[in-house]
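Chains, contacts and geometry: an overview
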Amino acid sequence: SQQGEEDPQALSIQEGENATMNCSYKTSINNLQWYRQNSGRGLVHLILIRSNEREKHSGRLRVTLDTSKKSSSLLITASRAADTASYFCATVDSGAGSYQLTFGKGTKLSVIP
Amino acid sequence: SQTIHQWPATLVQPVGSPLSLECTVEGTSNPNLYWYRQAAGRGLQLLFYSVGIGQISSEVPQNLSASRPQDRQFILSSKKLLLSDSGFYLCAWSVAILVQPQHFGDGTRLSIL
């Protein structure tokens, strides 16, 4: 079953603008991860944020996590045409022995040159 | 460095024919291995995961099976394909720790005619 729900489903911006994607989830989590998928390719891991962290940065990426609201956001600053892809959040439940990532349906980002 | 290979990239099969998709990982030992299916415009559905040779966990009832004959080899099979088996199949690996990210292959686009 899908836990993460990304919002918006699709986002179109001009190159140089910032892109913000949101993710909501339902259960208690151990960590939340963001992945990127170029069309017809596999997923690439972008960033992992643990349940006891509130914000994390990696290059032009900034991820926030609000466990009280069960939500996360991914901000891509100064977007480039090469950032065009689908972005997925995925959660690892806090239940013992959970090896599974539960993915949302993704946000399709288009960056227009 | 670790790499994951998945083949074939595309496959067109008639209904009722058998299936074998292979995934191998290099550069790591005793990885967790995963098979996912992605429907068009959707997130990923976990089909199988394995924490060791011969150990397979199935997440959804289906027409498919998985095997792990060697430490770094994961095979997805079917004896008789259904139209509903069409989709994009992704293999992934992670180190054997719960919170680590997963690393994906480039996927197999399976079309059933």
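These notes cover the structure that comes with them. Here the structure is a predicted model, which is why all the values come from computation and not from measurement. Residue numbers here run from 1 along each chain, matching the order of that chain's written sequence. All chains are assigned letters beginning at A, and all ligands numbers beginning at 1, according to the order in which they are written. This being a predicted model, a pLDDT of at least 70 is required before a residue's local features are given, and a value of 80 or more before pairs of side-chain atoms are given or counted; all residues contribute to the totals for chains, interfaces and linings. Neither water nor hydrogens contribute to the side-chain values; these are computed over all heavy atoms in the structure.

Moving on, we get to the overall build of chain B. Check the secondary structure of chain B and you find zero helices and eleven strands. Counting from the N terminus, the helices are DSSP H or I runs at least four residues long and the strands are E runs at least two residues long. Mapped from its N terminus to its C terminus, chain B presents α and β elements in the order β-β-β-β-β-β-β-β-β-β-β. In summary, chain B has a C-alpha radius of gyration of 13 Å against a globular reference of 13 Å for 113 residues, a match within 12%. When the backbone C-alpha atoms are referred to their principal axes, chain B occupies close to 40 × 30 × 20 Å. In this scheme, a residue with accessible area under 20% of its type's maximum is buried, one over 50% is exposed, and one in between is partly exposed, where area comes from a 1.4 Å probe on protein chains only. Burial statistics for chain B: of 113 residues in total, 50% are counted as buried. Here, two residues are considered to be in contact whenever any of their heavy atoms come within 4.5 Å of each other. Once local pairs closer than 6 in sequence are excluded, the contacts in chain B between residues at least 24 apart make up 55%. The method behind every accessible area is Shrake-Rupley, applied with a 1.4 Å probe, and residues are considered shielded solely by the protein chains displayed. Surface summary for chain B: the accessible area is close to 5,200 Å², and the carbon and sulfur share equals 53%. Positive charges come from Lys and Arg, negative ones from Asp and Glu, while His and the chain ends are left out of the count. Charged groups are reduced to one reference atom each: NZ for lysine, CZ for arginine, CG for aspartic acid, CD for glutamic acid. Each charge class in chain B can be summarised by its mean position, and for the 7 positive and 6 negative side chains these summaries are 9 Å apart. Computation of the radius of gyration draws on C-alpha atoms, with the globule rule given as 2.2 Å multiplied by the number of residues to the power 0.38.

Quick look at the environment of Ser20(B) now. Residues and elements named next belong to chain B. Its place among the elements puts serine 20 in strand E3 (residues 19-26). Expressed as a C-alpha distance, the spacing of serine 20 and proline 8, which sit twelve residues apart in the sequence, is 9.5 Å. Those residues within four positions of serine 20 in sequence are excluded, and the remaining contacts are Ile75 and Leu76.

This brings us to the side chain of Thr64(A). Residues and elements named next belong to chain A. Mapped onto the elements, threonine 64 comes out in strand E7 (residues 61-66). At 2.5 Å, the side chain of threonine 64 forms a polar contact with the side chain of serine 73. Filtering out sequence-adjacent residues up to four positions away, threonine 64 remains in contact with Ile49, Arg54, Glu55, Ser71, Ser72 and Ser73. Pairing of N or O atoms within 3.5 Å defines a polar contact, subject to two protein rules: one partner must be a possible hydrogen donor and the other a possible acceptor, and residues neighboring in sequence count only if both atoms are side-chain atoms.

The subject of this paragraph is the sheet that holds strand E8 (residues 73-78) of chain B. Residues and elements named next belong to chain B. Paired strands are those between which DSSP finds at least two bridges. Sheet architecture is open: four strands sit in the order E1-E3-E8-E7, paired in antiparallel fashion. Two strands bound the open sheet, and with one partner strand each, they are strand E1 (3-7) and strand E7 (65-70). Taking the axes of each pair of neighbouring strands and ignoring which way they run, one obtains an average angle of 20° across the sheet. Here E7 pairs with E8 via four bridges, running antiparallel. Note that in E8 the partner of glutamine 70 across the bridge is glutamine 73. Angles run from 0 to 180 degrees between N-to-C directions of axes, and those axes are lines fitted to C-alpha atoms, restricted for helices to the stretch in contact.

What follows concerns the state of the cysteines. Throughout this description, disulfide means a covalent bond between two cysteine sulfur atoms. Cysteine sulfur pairs qualify as disulfides if the two atoms are within 2.5 Å. Considering all chains together, one arrives at two disulfides over all chains under this definition. Across the disulfide, Cys23(A) is cross-linked to Cys89(A) (sulfur-sulfur distance 2.0 Å). Between Cys23(A) and Cys89(A) the sulfur-sulfur dihedral comes to about 70°; the bridge is accordingly right-handed. Of this pair, Cys23(A) sits in strand E3 (residues 19-24) while Cys89(A) sits in strand E9 (residues 85-93), and the two are 66 residues apart along the sequence. Residue Cys23(A) is classed as buried on the basis of its relative accessible area of 1%. Overall, the relative accessible area of 0% leaves Cys89(A) in the buried class. A sulfur-sulfur separation of 2.0 Å characterises the disulfide bridge that pairs Cys23(B) with Cys91(B). Measuring the twist about the S-S bond at about -80°, one finds the Cys23(B)-Cys91(B) disulfide to be left-handed.

On the side of chain A, 23 residues touch chain B, which itself brings 23 residues to the contact. Taken over both partners, the interface formed by chain B and chain A buries close to 1,900 Å², and the fraction arising from carbon and sulfur atoms is 54%. Note on definitions: salt bridges are taken to be side-chain nitrogens of Lys or Arg within 4 Å of carboxyl oxygens of Asp or Glu. Linking chain B with chain A are one salt bridge. A salt bridge links Arg41(A) to Asp106(B), with the nearest nitrogen and oxygen atoms 3.1 Å apart. What gets called buried area is simply the loss in accessible area from a 1.4 Å probe that two parts show on being joined, summed for both.

Residues and elements named next belong to chain A. The strand order across the open sheet built from five strands is E1-E3-E8-E7-E6, with neighbouring strands paired in antiparallel fashion. Among the strands making up the open sheet, the edge pair consists of strand E1 (5-7) and strand E6 (55-58). Pairwise comparison of adjacent strand axes, ignoring direction, gives a mean angle of 15° for this sheet. Pairing geometry for E1 and E3, over three bridges, is antiparallel. Each bridged residue has a counterpart across the sheet, and for glutamate 6 the counterpart in E3 is cysteine 23.

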